[in-house]
Amino acid sequence: MKVRFDIDSYREILDTLTRNKSRSLLTGFGVFWGVFMLIGLMGGGQGLKELLKNEFAGFATNSALIWSQPTSKPYKGFRKGRQWMMVYKDVDRLRAQVPELDVITPMVSRWGNSAVYGDKRNSCHMSGVMPEYAQVMEPKLVYGRYLNDVDLKMRRKVCVIGKKVYKELFPGGGDPCGKMIRVDSVYYSVVGVDYKEGGINLNGRSEEGITVPLTLLQQTYNMGNEVHIMCVTAKPGVVMSDITERMREVIARAHTIDPSDEQGVMVFNTELLFSMMDNLFKGVNFLIWLVGLGTLLAGAIGVSNIMMVTVRERTTEIGIRRAIGATPKMILSQIISESMVLTLVAGMSGILFGVLILQLIELGNTEDGILKAHFQVGFWTAILAAVAISLMGVLAGLAPAARAMSIKPVDAMRDE
C-alpha cells in the first residue's frame, strides 16, 4: 500500500476532522488521556522506584541487625520477660564462632540530648559507632570526613552531625568543620556533615543525630561495655539467611537465653527487606503497563468507532470518488491517514503534557538544589510511545477503511 502525503491530502484530512470539531476533540481526548496516563505512570513509577532506592542507598544489602528485647521463653531457671543487654565481648564471640561474617560493628545510642552552637539550639540524639559502621550504612558527606580509628582509640571529642542538626545550628550554611558545639555539658569539634536521610534508621533518624566515637559515648555517659545494636555484614557469596540462626544462638547462649527465642534475641535480616522491594518494583511496573496500555487501547477503539461513523456519513462522497476513478487503495489510504493524523496529534499532545507534568513534579522534589529523584521518561521510551501511537492509528483505521472500500458507486447513489 502506498500512502500519498501531499498538501492536498493534508488539507482534505484537516477539513474532514474539523467538519465536526466536537466529535474529533472528544475522540482525540481518549487517545490523549491514554498516552498521558502511560507516560505519567511510567515517569511517576520511575521516580517512585528511585525515591525508594535512595531511601535505602548506601545500606549494605547483605547485612543484619541484632538487638536485645525482653525474653519470651523461660530458660535454665530464668522466667520469661527478663531484661538483658548485649556487651562488647559479643563482637569477639561472633567473630570467632561465625567466620562467614565480614564486618561486625556495635552501636550505642542516647536520646533527648540538646546541641548548642552560639545562640542556636537543637534537640537531637547521639550515636556512638566505630569507623567500620560506614561499611554498613554509608554516610553522604557534604563537608569533612567520617570517624576514624584514631578518633576511637584516643576517644577524641569529635562528631559528625546530621542534615537537620547542621541546618538548625548553622542556618547561614558554609563549612562547619573545626567549630565547637556543645551537647549537654560536653564540647565536640565538628569533623563532618552527613546528609544521609530516610531509609533504615538505627535508633533514630540520621538527619537528626550526632555521631561520635563509640568509646567516647560509653565513657561520657557511663555505659560500661553495653551495646544497643550489633550491625553485621556477610562475606561475598554468603547468604545472610543461612547464618541468621547461628548468630542468634551465639548471642543467646552467652547470655543464658533460649537459642530458639526469636523475640528475646532479635535478628533482622535486611535481605528480606530488599527482596520485598524488588517484588514491589515488579508489581509497580506491571500495574503501570496494565493501566496505561488499557487506557490507550480504549482510546484507539474510540477512534475506530468514530471513523466508522464518519465513513457511514460520507457514503455518498466515497461513492462519487469511486465513480470518477478513485481506486480502493486510494480510499484505504485516505481513511487510514485520517485515523493516523487524529491519533498522532492527540498522542503527541499527551506525551508533551505528560512530560510537562513530570517536570513540575521534579521541581517539587528538589531540595537545596539537589534533585531527589528523576520523574521523567527516557528519550527512546517516548519514541517507542510515538511508534505505538502510529501503529494504533493504523489499526484503528483498518476496519473503517475496509468498510469504505466495500462501498460501491451504485449503492452510494441509492443511499443518497
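Look a little higher up for the structure.
All values derive from a computational prediction rather than experimental measurement.

**Student:** So what's going on with the overall build of the protein chain? Which residues, and what values?
**Tutor:** When its secondary structure is counted, the protein chain shows twelve helices and 14 strands. Across the 416 residues in the protein chain, those meeting the buried criterion constitute 45%. Across the protein chain, the fraction of contacts at a sequence separation of at least 24, relative to all contacts at a separation of at least 6, is 78%. Carbon and sulfur atoms make up 60% of the accessible area of the protein chain, which totals about 21,000 Å².

**Student:** Tell me about the pairing of strand S9 (residues 209-213), residues and numbers included.
**Tutor:** Most of S9 sits inside the fold, with five of its five residues counted as buried. Note that strand S4 (residues 120-129) and S9 share five bridges and pair parallel. Following the sheet pairing, Met126 is matched in S9 by Ile210. Pairing analysis gives two bridges linking strand S6 (residues 158-162) to S9, with the strands arranged antiparallel. Bridging from a neighbouring strand, Val160 pairs with Thr211 of S9.

**Student:** With reference to specific residues and values, describe unusual backbone geometry.
**Tutor:** Look at Lys76: it is not a glycine, yet its phi comes out positive at around 50 degrees. Within the element layout of this structure, Lys76 appears in the loop between strand S1 (63-68) and strand S2 (86-87). Given the relative accessible area of 65%, Lys76 is considered exposed. Within the chain, Asp184 stands out as a residue other than glycine whose phi angle is a positive 60 degrees. Topologically, Asp184 is positioned in the loop between strand S7 (180-183) and strand S8 (186-194).

**Student:** Tell me what's going on with the packing of helix H3 (residues 89-97) against helix H7 (residues 240-254), and back it up with residues and numbers.
**Tutor:** Close contact between H3 and H7 brings their axes to 10 Å; oriented N to C, the two are set at 135 degrees. Judged by the angle between their axes, H3 and H7 are oblique. The hand of the H3/H7 crossing is right-handed. Facing Asp90, Arg93, Leu94 and Gln97 of H3, the residues of H7 in contact are Arg246, Met247, Val250, Ile251 and Ala254. Residues that form the contact of H3 with H7 fall into these classes: five nonpolar, one polar and three charged.

**Student:** Can you lay out the pairing of strand S3 (residues 101-117) for me, pointing to particular residues and giving the numbers?
**Tutor:** Looking along a regular strand, one sees the side chains alternate between the two faces of the sheet. Bridging between S3 and strand S11 (residues 229-234) involves six bridges; their strand directions are antiparallel. Residue pairing across strands places Ile104 opposite Val232, the latter belonging to S11. In this structure, S3 lies alongside S4, joined through eight bridges in antiparallel fashion. Among the inter-strand pairings, Ala115 is bridged to a residue of S4, identified as Asn122. In this sheet, S7 lies alongside S3 in antiparallel orientation, the contact comprising two bridges. In the sheet register, Ala115 faces S7, and the bridge partner there is Val183.

**Student:** I'd like to hear about the side chain of His228, residue by residue, with values.
**Tutor:** Checked against the element boundaries, His228 lands in the loop between strand S10 (226-227) and S11. A residue is classified by how much of its surface remains accessible, and His228, at 15% relative accessible area, is buried. Separated by 2.8 Å, the side chain of His228 and the backbone nitrogen of Ser109 make a polar contact.

**Student:** I'd love a proper account of the nonpolar core, names of residues and values included.
**Tutor:** Within the largest apolar cluster, 26 residues are counted, with the highest numbers of intra-cluster contacts made by Ile161, Ile181, Tyr188 and Ile210. At four residues, the largest contribution of residues to this core is made by S8. Setting aside chain neighbours within four positions, we find Ile181 in contact with Val116, Tyr117, Cys159, Ile161, Leu169, Phe170, Val186, Tyr187, Tyr188, Val190 and Ile210. With 24 residues, the next largest nonpolar core counts Val31, Leu38, Ile335 and Leu342 among its residues.

**Student:** Outline the pattern of salt bridges, supporting the account with residue identities and numerical values.
**Tutor:** Under the definition given, this model contains eight salt bridges. When salt bridges with common partners are traced through the structure, they connect Arg145, Asp151 and Arg156 into a single cluster.

**Student:** Which residues make up the packing of aromatic side chains, and what are the values?
**Tutor:** For the structure on display, the rule yields ten aromatic pairs. Through a chain of ring-to-ring contacts, three or more aromatic side chains come together here, namely Phe29, Phe32, Trp33, Phe36 and Phe353. Positioned over the ring face of Phe78 is Arg82, at 4.3 Å from the centre of the ring.

**Student:** Before we move on, could you go through the environment of Val193 and cite the residues and values that matter?
**Tutor:** Within the fold, Val193 resides in strand S8. Apart from residues lying up to four places away in sequence, Val193 is in contact with Lys140, Leu141, Val142, Tyr143, Val160, Ile161, Tyr166 and Pro176.

What counts as what
Residues numbered from 1 in each chain as written. Predicted model: local features only at pLDDT ≥ 70, side-chain atom pairs only at ≥ 80, totals over all residues. Heavy atoms only, no water. Helix = DSSP H or I, 4+ residues; strand = E, 2+ residues; numbered from the N terminus. Buried < 20%, exposed > 50% of the residue type's maximum accessible area, 1.4 Å probe, protein only. Contact = heavy atoms within 4.5 Å. Areas by Shrake-Rupley, 256 points an atom, 1.4 Å probe, with all protein chains shown as cover. Pairing = 2+ DSSP bridges. Axes fitted to C-alpha atoms, helices over the stretch in contact; angles between N-to-C directions. Parallel < 35°, antiparallel > 145°, perpendicular 65-115°, else oblique. Left-handed = near helix turned anticlockwise from the far one by under 90°. Nonpolar A, V, L, I, M, F, W, Y, C, P; charged D, E, K, R; others polar. Polar contact = N/O pair within 3.5 Å; in protein donor to acceptor, adjacent residues only side chain to side chain. Core = buried A, V, L, I, M, F, W, Y, C linked by side-chain atoms within 4.5 Å. Salt bridge = Lys/Arg side-chain N within 4 Å of Asp/Glu carboxyl O. Phe/Tyr/Trp six-rings, centres within 6.5 Å; stacked < 30°, edge-to-face > 60°. Lys NZ or Arg CZ within 6 Å of the ring centre and 35° of its normal.

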